[in-house]
Amino acid sequence: MKSNQRATIETLLERNTSQREIARITGIDRKTVRSYHQRWLERACPNFCV
């Protein structure tokens, strides 16, 4: 995935946009968005989230 697409996903996640909406906006499969969401959560709060 291109870095600008990843940045777009991360920006939308920070704005609490749903995974379904992110998939619709970006054209990226929901499963891929879910995968990036999980990675983003791990980086955002590695000690107490998820």
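Up top is the structure.
Bear in mind that the values here come from a model prediction, so they are computed numbers and not experimental data.

(A) Seen up close, the overall build of the protein chain. The secondary structure content of the protein chain amounts to 3 helices and 0 strands. Each helix and strand of the protein chain, placed in order from N terminus to C terminus, yields the pattern α-α-α. Its C-alpha atoms give the protein chain a radius of gyration of 10 Å, near enough to 10 Å, the size a compact globule of 50 residues would have. Taking the principal axes of the C-alpha coordinates as reference, the protein chain spans close to 30 × 20 × 20 Å. Put simply, the protein chain has 50 residues, and 24% of those count as buried. Within the protein chain, counting contacts between residues at least 6 apart in sequence, those at least 24 apart form 33% of the total. Carbon and sulfur atoms make up 43% of the accessible area of the protein chain, which amounts to about 3900 Å² in all.

(B) Focus on the packing of aromatic side chains. All chains considered together, the criterion is met by 0 aromatic pairs. The residue whose ring lies beneath R39 is Y36, and the NZ or CZ to ring-centre distance is 4.8 Å.

(C) Structural context of the nonpolar core. If you look at the biggest cluster of nonpolar residues, it comprises 9 residues: I9, L12, L13, I22, A23, I28, V33, Y36 and W40. Those elements that place two or more of their residues in this core are α1 (3-14), α2 (19-26) and α3 (30-44). Those residues in contact with W40, other than ones at most four positions away along the chain, are E10, L13 and E14.

(D) Region of interest: α3. In this model, α3 (15 residues) spans 20 Å end to end at C-alpha, consistent with the 21 Å of a helix rising 1.5 Å per residue. Buried within α3 are the following residues: V33, Y36, H37 and W40. Around the axis of α3, the buried residues are gathered within 110 degrees of arc, so they sit on the same side. In α3, the exposed positions angled more than 90 degrees off the buried face are occupied by K31 and E42. Residues of α3 that are buried in the fold lie against α1 and α2.

What counts and what doesn't
Residues numbered from 1 in each chain as written. Predicted model: local features only at pLDDT ≥ 70, side-chain atom pairs only at ≥ 80, totals over all residues. Heavy atoms only, no water. Helix = DSSP H or I, 4+ residues; strand = E, 2+ residues; numbered from the N terminus. Rg over C-alpha atoms; globule rule 2.2 N^0.38 Å. Buried < 20%, exposed > 50% of the residue type's maximum accessible area, 1.4 Å probe, protein only. Contact = heavy atoms within 4.5 Å. Areas by Shrake-Rupley, 256 points an atom, 1.4 Å probe, with all protein chains shown as cover. Phe/Tyr/Trp six-rings, centres within 6.5 Å; stacked < 30°, edge-to-face > 60°. Lys NZ or Arg CZ within 6 Å of the ring centre and 35° of its normal. Core = buried A, V, L, I, M, F, W, Y, C linked by side-chain atoms within 4.5 Å. Expected span 1.5 Å × (residues − 1). Arc of directions from axis to C-beta.

Shape is all these values report; function is a separate question.
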